[in-house]
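Summary of the model geometry
These are the residues of each chain, in order.
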Amino acid sequence: MAPRKCKLHDVPLRFDRIPVRFGLPPGPPKLYFESEESLFPNAKTWQMGGCMINPESKHSAGVYYCSECRIAEKEWLATTDAEDFWRP
């Protein structure tokens with residue numbers, strides 16, 4: 001079961017459906033993972049779906065997210081030279 005509050009921001013998590021991205025893009029910069037862990041661990045704006053798309057593939061996923069984490073991720077992406085693929 002998902003936690004009910006963001007451990008970083010201490011706000012209730014909300015439910016959302018997010019896009020599943022298919023393909024084999026270049027990995028995000030190492031700095032993204034480090035920043036995600038410390039600044040926006042519950043942003044959850046997208047999910048990797050792998051390299052194969054078939055009729056049973058789901059194109060969205062249900063997640064619990066933190067609104068403050070999403071704001072922090074958006075601000076981080078706006079000030080970082082990140083590949084467009086990783087932008088929500």
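Throughout, residues of each chain are indexed from 1 in the direction in which the sequence is written. Given that this is a predicted model, residues contribute local features only at a pLDDT of at least 70 and side-chain atom pairs are listed and counted only at 80 or more, while totals for whole chains, interfaces and linings are drawn from all residues. In computing side-chain values, all of the structure's heavy atoms are included and hydrogens and water are not.

Turning to the overall build of the protein, a few remarks are in order. Helix and strand counts for the protein come out as two helices and three strands. By definition, any uninterrupted DSSP run of H or I lasting at least four residues is a helix, any uninterrupted run of E lasting at least two residues is a strand, and each is numbered from the N terminus. Its helices and strands taken in sequence order, the protein reads β-α-β-β-α from the N to the C terminus. Three exposure classes are used, based on accessible area relative to the maximum for each residue type with a 1.4 Å probe and protein chains only: buried under 20%, partly exposed in between, and exposed over 50%. Residues classed as buried in the protein amount to 33% of the 88 residues present. The contact definition used throughout considers only heavy atoms, calling two residues in contact when any of these lie within 4.5 Å. Nonlocal contacts in the protein, meaning residues at least 24 apart in sequence, comprise 80% of its contacts between residues at least 6 apart. For every accessible area listed, the method is Shrake-Rupley and the probe measures 1.4 Å; residues are considered covered only by the protein chains on display. Accessible surface computed for the protein: about 6100 Å², of which carbon and sulfur atoms make up 55%.

Looking now at the side chain of Ser35. Within the fold, Ser35 resides in helix α1 (residues 30-39). The buried category is assigned to Ser35, whose relative accessible area is 7%. Ser35 has contacts with Phe40 and Trp76, leaving out every residue within four places of it along the chain.

On to the environment of Val20, then. The residue Val20 is located in strand β1 (residues 14-22) in this model. Classification of Val20 as buried rests on a relative accessible area of 13%. Apart from the residues within four sequence positions on either side, Val20 is in contact with Gln47, Met48, Gly49, Lys58, His59, Ser60 and Ala61.

For every residue, the predictor states its confidence as a pLDDT score lying anywhere from 0 to 100. The predicted model of the protein averages 83 in pLDDT, with 78% of residues at 70 or higher. Mean pLDDT across the elements of the protein ranges from a minimum in strand β2 (residues 47-50), with 79, to a maximum in helix α2 (residues 67-78), with 93.

Right, let's get into the sheet that holds β1. Taking strand neighbours across the sheet as the criterion, the three strands line up as β2-β1-β3 in an open arrangement whose pairing is mixed. Unpaired on one side and paired on the other, β2 and β3 (60-65) mark the two borders of the sheet. With direction set aside, neighbouring strand axes in the sheet form an average angle of 40°. A pair of strands is labelled paired if DSSP reports no fewer than 2 bridges between them. A fitted line through C-alpha atoms represents every axis, and for helices the fit uses only the stretch in contact; the resulting angles, taken between N-to-C directions, go from 0 to 180 degrees.

Assignment of secondary structure puts Asn42 in the loop between α1 and β2. Ignoring sequence-local partners within four residues, the contact set of Asn42 consists of Cys6, Lys7, Leu13, Tyr65, Cys66 and Cys69.

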